[in-house]
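Take a look at the letters that make up each chain.
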Amino acid sequence: MTEYFNIKKVEYEGPQSKNDFAFKFYNPDQLVLGKKMKEHLPFAMAWWHNLCNAGKDIFGDETADKAFGAEKKTMDHAKVKVDAGFEMMEKLSIEYFCFHDVDLVPEADDIKETNKRLDEISDYMLEKMKGTNIKCLWGTANLFGHPKYMNGAGSSNFADVFCFAAAQIKKALDLTVKLGGRGYVFWGGREGYETLLNTDMKFELDNIANLMRMAVEYGRKIGFKGDFYIEPKPKEPMKHQYDYDAATAIGFLKQYGLDKDFKLNIEANHATLAGHTFQHDLRVAAINGMLGSIDANQGDTLLGWDTDQFPSNVYETTLCMYEVLKAGGFNGGLNFDAKDRRPSYTDEDMFLGYILGMDAFALGLLNAAKIIADGRIDAFIEERYKSFQSGIGAEIISKKVTLESLSAYAEKLGAPELPGSGRQEKLESILNTLLFQ
Ligand code: XLS
Ligand code: NI
Ligand code: NI
């Protein structure tokens, strides 16, 4: 069996370790709040970034070698990618992967031929999965790369393109079910517009919803029991994307009656591009019962695009895991929709990126558990809304009041007292103490 990476299995050695190829914080079997770390943190490898992306950007060529010894754009290459990907997941103790259809095989001109290739590679992947713990987290169809999707897929102005999108979704759902995927993602990269001067927005939104409804119908018919996800993103590649952020996507799903079958896949870098914190979009999803899965990456606050970096910011991973724990966990996973920086182009860097991300999330989990065990932040929030627990507040909550009765109450009070201090600085200081004690 060819070994593609000259790197040993990455083990937990603890924070004192100086071994670059060891986990300092990710200790899969360590119990946190009564559950193993690996169960709190179902990490996934993103096929596209890890096995396909070789550092090409709009100004320059590839810097990394992702040929894995085969000729690119061949089925041999597709297979060695499977072998290399599985070797890497095993060496990093990553139990899940996510894929787009076109990440798996070179796309042919004729969709019938592409589908044949997909059958072949998925047989190979299934075989490979046997005897391992590796599973599919979610699948998706790439409905943004090919030139025909220049105006979107479900939102395209051209009916034939809509049909190709439907065909790709059908096949990607077949593959997701075949590989036992927990979820199916819609990321509407080109579902949006460049200018309203040529766009019928209502027509496009209706069509996208129609495509999603057909996906649900077909998925349920072939036995897909998992969740469908929308992955919100405000822009890039389109100037305006319809699934702008969690709140917008939830409104859309409810409007079209898709909310029973769909949840959200929240990506850190997309939330920040929408002008929110990562925590904000997670919270919006969670309070609506729609926290489905997470694309675990990080952006650069100085850059206005999706840099898809491996997460290193422990404040963010902490607040992310705090949301996850408070939501009672989730059924999805933490997909590293992340890539090394272009100058980090070696095989070693591929592992170092994951080690960084997995350790950052392990730290985030440990910290989040500390915040919950400490209880001061939760207690503060509880206290902050205390006026709604009795008296007029309790009457408001039980909806026993009217504008007239409230107005009479206010008049009786005369001048209002101020609400209690928000104590943001104190709470941030508690957070720092918990993180760095
Ligand atoms: C791009 C998206 C994409 C989705 C899957 O910005 O994050 O990678 O996760 O299509
Ligand atoms: Ni993503
Ligand atoms: Ni992204």
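So, a few notes on the structure that sits alongside this text. What you are looking at is a predicted structure, and each value in this text was computed from that prediction instead of being measured.

1. Here's the deal with the overall build of the protein
Point 1. Across its full length, the protein carries 16 helices and 14 strands.
Point 2. Relative to its length of 437 residues, the protein is compact, with a C-alpha radius of gyration of 24 Å against a globular reference of 22 Å.
Point 3. Here the C-alpha coordinates of the protein stretch approximately 80 × 60 × 45 Å along the principal axes.
Point 4. Looking at the protein as a whole, 48% of its 437 residues are labelled buried.
Point 5. Nonlocal contacts in the protein, meaning residues at least 24 apart in sequence, comprise 75% of its contacts between residues at least 6 apart.
Point 6. Side-chain charges of the protein comprise 51 positive and 65 negative groups, with the mean position of each set lying 4 Å from the other.

2. Description of the site of ligand 1
Point 1. Taken together, W48, H100, W138, W187, E231, K233, E267, H270, D295, D306 and D337 make up all the residues around ligand 1.
Point 2. Take W48: an N or O atom from its side chain is 3.4 Å from an oxygen atom of ligand 1.
Point 3. Residue K233 places a side-chain N or O atom 2.9 Å away from an oxygen atom belonging to ligand 1.
Point 4. Within the complex, the protein chains bury 94% of what would otherwise be the 290 Å² of accessible surface of ligand 1.
Point 5. Of the residues belonging to the shell around ligand 1, the class tally is three nonpolar, two polar and six charged.

3. Looking at the coordination of the nickel ion (ligand 2)
Point 1. Here the nickel ion (ligand 2) is held by the protein donor atoms E231 (OE), E267 (OE), D295 (OD) and D337 (OD), which lie 2.0 to 2.1 Å from it.
Point 2. Read from N- to C-terminus, the donor residues coordinating the nickel ion (ligand 2) fall into the pattern E-x35-E-x27-D-x41-D.
Point 3. For the pair the nickel ion (ligand 2) and the nickel ion (ligand 3), the metal-to-metal distance amounts to 3.7 Å, and E267 bridges them. Of the two residues, E267 is situated in strand β12 (residues 262-267) and D295 in strand β13 (residues 291-295); the sequence distance between them amounts to 28 residues.
Point 4. What makes D295 buried here is its relative accessible area of 0%.

4. Quick look at the layout of surface pockets
Point 1. Of the voids in this model, the second largest pocket is the one considered here, and its volume is about 670 Å³.
Point 2. Lining of the second largest pocket is provided by 18 residues; of these, R384, S387, F388, L418 and P419 occupy positions nearest its centre.
Point 3. For the lining of the second largest pocket, a count of residues per class yields nine nonpolar, four polar and five charged.

5. Section: the state of the cysteines
Point 1. What the rule picks out here adds up to zero disulfides.
Point 2. C136 supplies the cysteine sulfur nearest to C98, a cysteine that is in no disulfide, at a spacing of 6.7 Å.
Point 3. On the basis of relative accessible area, C98 is assigned to the buried category, the value being 0%.
Point 4. With no disulfide partner, C320 has as its closest neighbouring cysteine sulfur the one in C98, 15 Å distant.

6. Considering the packing of helix α11 (residues 314-326) against helix α12 (residues 347-374)
Point 1. For the pair α11 and α12, the least separation of the axes is 7 Å and the interaxial angle reads 55 degrees. On the basis of their axis angle, the class for α11 and α12 is oblique. In this structure, α11 meets α12 at a crossing whose hand is right-handed. Taken together, the residues of α12 that come into contact with α11 (itself represented by V314, T317, T318, C320, M321, Y322, L325 and K326) are A360, F361, L363, G364, L365, N367, A368, A369, I371 and I372.
Point 2. In the contact of α11 with α12, the residues fall into 13 nonpolar, four polar and one charged.

7. What about the environment of T248?
Point 1. Mapped onto the fold, T248 is located in helix α8 (residues 246-255).
Point 2. The class of T248 is partly exposed, set by a relative accessible area of 35%.
Point 3. Along the sequence, T248 and P234 sit 14 residues apart, while their C-alpha atoms lie 9.7 Å from each other.
Point 4. In this structure the side chain of T248 is engaged in a polar contact, spanning 2.4 Å, whose partner is the side chain of D245.

8. Here's the deal with the packing of aromatic side chains
Point 1. Under the defined criterion, the tally for this structure stands at 23 aromatic pairs.
Point 2. Consider the rings of Y4 and F68, whose centres lie 6.3 Å apart with planes at 90 degrees: the pair is edge-to-face. Of the two residues, Y4 sits in the segment before β1 (11-12) while F68 sits in the loop between α2 (47-52) and α3 (75-92), which places them 64 residues apart along the sequence.
Point 3. Since its relative accessible area comes to 18%, Y4 is described here as buried.
Point 4. F68 gets classed as buried once you look at its relative accessible area, which sits at 10%.
Point 5. Ring centres of F336 and F361 lie 6.4 Å apart, and the angle between their planes is 75 degrees; on these two criteria the pair is classed as edge-to-face. Of the two residues, F336 sits in strand β14 (residues 334-336) while F361 sits in helix α12, which places them 25 residues apart along the sequence.
Point 6. On the basis of relative accessibility, which here comes to 0%, the residue F336 falls in the buried class.
Point 7. Positioned above the aromatic ring of Y124 is the side chain of K79, whose terminal nitrogen or guanidinium carbon lies 5.8 Å from the ring centre.
Point 8. Over the ring of Y96 we find K135; its NZ or CZ atom is 5.1 Å from the centre of that ring.

9. Examining the coordination of the nickel ion (ligand 3)
Point 1. At the metal site, the nickel ion (ligand 3) is ligated by E267 (OE), H270 (NE2) and D306 (OD), and these contacts range over 2.1 to 2.2 Å.
Point 2. Ordering the donors of the nickel ion (ligand 3) by residue number gives the pattern E-x2-H-x35-D.

Quick notes on the rules
Residues numbered from 1 in each chain as written. Chains lettered and ligands numbered in written order. Predicted model: local features only at pLDDT ≥ 70, side-chain atom pairs only at ≥ 80, totals over all residues. Heavy atoms only, no water. Helix = DSSP H or I, 4+ residues; strand = E, 2+ residues; numbered from the N terminus. Rg over C-alpha atoms; globule rule 2.2 N^0.38 Å. Buried < 20%, exposed > 50% of the residue type's maximum accessible area, 1.4 Å probe, protein only. Contact = heavy atoms within 4.5 Å. Lys, Arg positive; Asp, Glu negative; His and termini not counted. Charge placed at Lys NZ, Arg CZ, Asp CG, Glu CD. Near = heavy atom within 4 Å. Polar contact = N/O pair within 3.5 Å; in protein donor to acceptor, adjacent residues only side chain to side chain. Areas by Shrake-Rupley, 256 points an atom, 1.4 Å probe, with all protein chains shown as cover. Nonpolar A, V, L, I, M, F, W, Y, C, P; charged D, E, K, R; others polar. Donors = N, O, S within 2.8 Å, 3.2 Å for Na, K, Ca; no water. 1 Å grid on protein atoms, 1.4 Å probe; cavity = no way out; pocket = protein on both sides within 12 Å on 5 of 7 lines; lining within 4 Å. Points joined across faces, edges and corners; volume = space filled by probe spheres on them. Disulfide = S-S within 2.5 Å. Axes fitted to C-alpha atoms, helices over the stretch in contact; angles between N-to-C directions. Parallel < 35°, antiparallel > 145°, perpendicular 65-115°, else oblique. Left-handed = near helix turned anticlockwise from the far one by under 90°. Phe/Tyr/Trp six-rings, centres within 6.5 Å; stacked < 30°, edge-to-face > 60°. Lys NZ or Arg CZ within 6 Å of the ring centre and 35° of its normal.

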